[in-house]
Amino acid sequence: MTSVYKSVPIRSSEITPKDTYLSRRDFMKAASLATGAALLAACAPSVANESQDARPVPTSGATDELGNPVNTYEDITHYNNYYEFTVDKQEVAGLAKGFTTSPWTVEVGGLVNNAQTFGVEDLLKLFPQEERIYRLRCVEAWSMVIPWTGFSLASLLKMVEPTSDAKYVRFETVYRPDEMPGQKSPFYPWPYQEGLRLDEAMNELAILATGLYGEPNVAQNGAPIRLVVPWKYGFKSIKSIVKIELVAEEPDTLWKDIAPNEYGFYANVNPAVDHPRWSQASERRIGELSRRPTLPFNGYGEQVAALYDGMDLRVNY
Ligand code: MTE
């Protein structure tokens, strides 16, 4: 199949079985060597300092279009940022167990001609699910390679017919403090919200992910449905979406609200613009021992750089 994407769509059957990878415990031993001192980040507590008994991590199996192996299912589902549950990445999976992901509806409205509320099961029927192997680069300077299943955000937006006044898309996570203990914290302006410019949202790389590793999404990764925007820092990829709204003005976003000098609306992966408290020039790929250089637009420049022609990305960070 020919594709304009750099990211390789793959069949489930080609995804390396989970059990051929090292266990998370073994991996964490290896990873701890590379992390060294705790990483201080706005949306990071500290990285666990575990045993120094490092072992090589096998690299066979599916890769992204640059040849990077996908991370293990264990890593992807047990090293998570999901502040609605906890700020401790390794505790999210446990706390998210039992989170109700069905029934679930997504309201799509605002400046559109055809506002609709979709059950997730409708979305699965309406839009063919594709597999996309994408790099995820967290603003905290770690990264993973994740085999998602999902469908293009553009296909959903076209169905609701944005009016000519719609210039941005706003996304909102479910607000359910009884099930999400982190939402009882007064330090964050819940619910989590994010946004994209409409032309960014229409780019074919932006997907709504419903699964990973060929299986339905699990709660800690944003089940049942979350955004994935691979050329932007991970915080733009909002989880467990209940509302998508077409709007005229740039919407507020959670991290920009909290610290506008550290987190911008655009948040394109950019090794040339450091976070005020750390460098963005390199990253730690989970499962690797040494750091690797961070690529502009996370390696997706060919597909997305034109969206920002004429913009100063140092100002619009
Ligand atoms: N979405 C919500 N609702 N809450 C969050 O705390 N964290 C973001 C993003 N989406 C977050 C969120 C951050 S900082 C990152 S790096 C990614 O989710 C992590 O996605 P993953 O846990 O599936 O790897």
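To be clear, the structure that these remarks concern was listed above.
Position numbers for residues start from 1 in each chain and track the written sequence from start to end. Restriction of local features to residues with pLDDT of at least 70 applies here, the model being predicted, together with a cutoff of 80 or more for giving and counting side-chain atom pairs; totals for whole chains, interfaces and linings are based on all residues. As a convention, hydrogens and water are excluded, and side-chain values are obtained from all of the structure's heavy atoms.

J.: Break down the overall build of the chain for me, citing the residues and quoting the values.
T.: For the chain, the helix and strand inventory stands at eight helices and 12 strands. Per-residue accessibility, obtained with a 1.4 Å probe over protein chains only, is compared with the maximum for each type, and a residue is labelled buried under 20%, exposed over 50%, and partly exposed between these values. Across the 317 residues of the chain, 54% fall into the buried class. Considering only residue pairs separated by 6 or more positions, the chain has 73% of its internal contacts joining residues 24 or more positions apart. For every accessible area listed, the method is Shrake-Rupley and the probe measures 1.4 Å; residues are considered covered only by the protein chains on display. Surface accessibility of the chain: about 13300 Å² in total, with carbon and sulfur atoms responsible for 53%. A run of DSSP states H or I qualifies as a helix once it reaches four residues; a run of E qualifies as a strand once it reaches two. Both are numbered from the N-terminal end. Any two residues whose heavy atoms approach within 4.5 Å at even a single point are treated as in contact.

J.: Residue-level account of the pattern of salt bridges, with values.
T.: Any Lys or Arg side-chain nitrogen found within 4 Å of a carboxyl oxygen on Asp or Glu counts as a salt bridge. Taken as a whole, this structure holds 15 salt bridges when the rule is applied. Taken together, the shared-partner salt bridges in this structure form one network comprising Asp64, Glu65 and Arg135.

J.: Explain the site of the ligand residue by residue, including any values.
T.: Around the ligand sit 17 residues, and of these Asn80, Tyr83, Glu84, Ser237 and Lys239 come closest. The backbone of Tyr83 places a nitrogen or oxygen atom 2.7 Å from an oxygen atom of the ligand. In the analysis that follows, any N or O atom pair within 3.5 Å is treated as a polar contact, provided that within protein one partner can donate a hydrogen and the other can accept it, and provided that, for residues neighboring in sequence, both atoms belong to side chains. Residue Arg226 places a side-chain N or O atom 3.0 Å away from an oxygen atom belonging to the ligand. When the ligand is considered free in solution it has 540 Å² of accessible area, and contact with the protein chains removes 100% of it. We call a residue near a molecule or strand as soon as one heavy atom of that residue lies within 4 Å of the molecule or strand.

J.: Could you give an account of the nonpolar core, with specific residues and numbers?
T.: Residues Leu153, Leu156, Phe171, Leu208, Leu227, Trp231 and Ile244 are the most contacted members of the largest nonpolar core, which totals 82 residues. Element by element, the count of residues in this core is highest for strand E4 (residues 142–152), at six residues. In this structure, Ile244 is in contact with Val106, Glu107, Val108, Gly109, Leu156, Leu157, Val169, Arg170, Phe171 and Leu208, ignoring residues within four places of it in sequence. Here the nonpolar core consists of buried residues drawn from Ala, Val, Leu, Ile, Met, Phe, Trp, Tyr and Cys, with membership extended through side-chain atoms lying within 4.5 Å.

J.: Lay out the pairing of strand E3 (residues 130–137) with the relevant residues and their values.
T.: Counted residue by residue, E3 has seven buried out of eight residues, so it is predominantly covered. At least two DSSP bridges between two strands are needed for those strands to be called paired. Between the antiparallel neighbours E3 and E4 lie four residues, among them Ala141 with a positive phi of about 80°.

J.: Which residues make up the pairing of strand E6 (residues 193–197), and what are the values?
T.: The buried fraction of E6 is high, at five of five residues. Covered by surrounding structure in E6 are Gln193, Gly195 and Arg197 together with Glu194 and Leu196, the residues of both alternating faces.

J.: Explain the sheet that holds strand E5 (residues 168–173) to me, and be specific about the residues and the numbers.
T.: Across the sheet, five strands lie side by side as E2-E1-E10-E5-E6; this open sheet has mixed pairing. This sheet does not close on itself; its edge strands, each paired only once, are strand E2 (116–119) and E6. Ignoring which end each strand starts from, the neighbouring axes of this sheet average 15° apart. Note: E5 against strand E10 (residues 241–247), six bridges, orientation antiparallel. When the bridges of E10 are listed, Glu172 appears paired with Lys243. Together, strand E1 (105–110), E2, E5, E6 and E10 form the strand contacts of helix H5 (residues 153–160), whose direction differs from that of E2 by roughly 135°. Here, axes are lines fitted to C-alpha atoms. For helices the fit covers the stretch in contact, and angles between N-to-C directions go from 0 to 180 degrees.

J.: Requested: an account of the packing of aromatic side chains, with residues and values cited.
T.: By convention, a stacked pair of Phe, Tyr or Trp rings (six-membered ring in the case of Trp) has centres within 6.5 Å and planes under 30 degrees apart, an edge-to-face pair has planes over 60 apart, and any other such pair is tilted. Summed over the entire model, instances satisfying the criterion amount to 17 aromatic pairs. On the numbers, 5.4 Å between centres and 85° between planes, the contact of Tyr83 with Tyr188 is edge-to-face. Pair noted here: Tyr83 is in the loop between helix H2 (73–78) and helix H3 (92–96) and Tyr188 is in the loop between E5 and E6, with a separation of 105 residues, a long-range link. By relative accessible area, which is 6% here, Tyr83 ends up buried.

J.: Tell me about unusual backbone geometry, and please be specific about residues and values.
T.: Omega for the bond connecting Trp190 with Pro191 falls within 30 degrees of zero, at -5°, which places this linkage in the cis form. Counting through the fold element by element, Pro191 comes out in the loop between E5 and E6. Pro224 follows Ala223 through a cis peptide bond whose omega is 0°. Relative to the helices and strands, Pro224 resides in the loop between strand E8 (215–216) and strand E9 (226–228). One non-glycine residue, Ala141, lies in the positive phi region at around 80°.

J.: Explain the environment of Thr294 residue by residue, including any values.
T.: With respect to the helices and strands, Thr294 occurs in the loop between strand E12 (292–293) and helix H8 (301–304). As for Thr294 and Ala141, which are separated by 153 residues in sequence, their C-alpha atoms are 8.6 Å apart. Sequence-distant contacts of Thr294, defined by excluding residues within four places in its chain, comprise Arg137, Val269, Pro271, Gln280, Ala281, Ser282 and Glu283.

J.: Kindly report on the side chain of Lys236, identifying the contributing residues and their values.
T.: With respect to the secondary-structure elements, Lys236 resides in the loop between E9 and E10. Looking at Lys236, the relative accessible area reads 1%, which means it is buried. At 2.8 Å, the side chain of Lys236 and the backbone oxygen of Gly195 are in polar contact.

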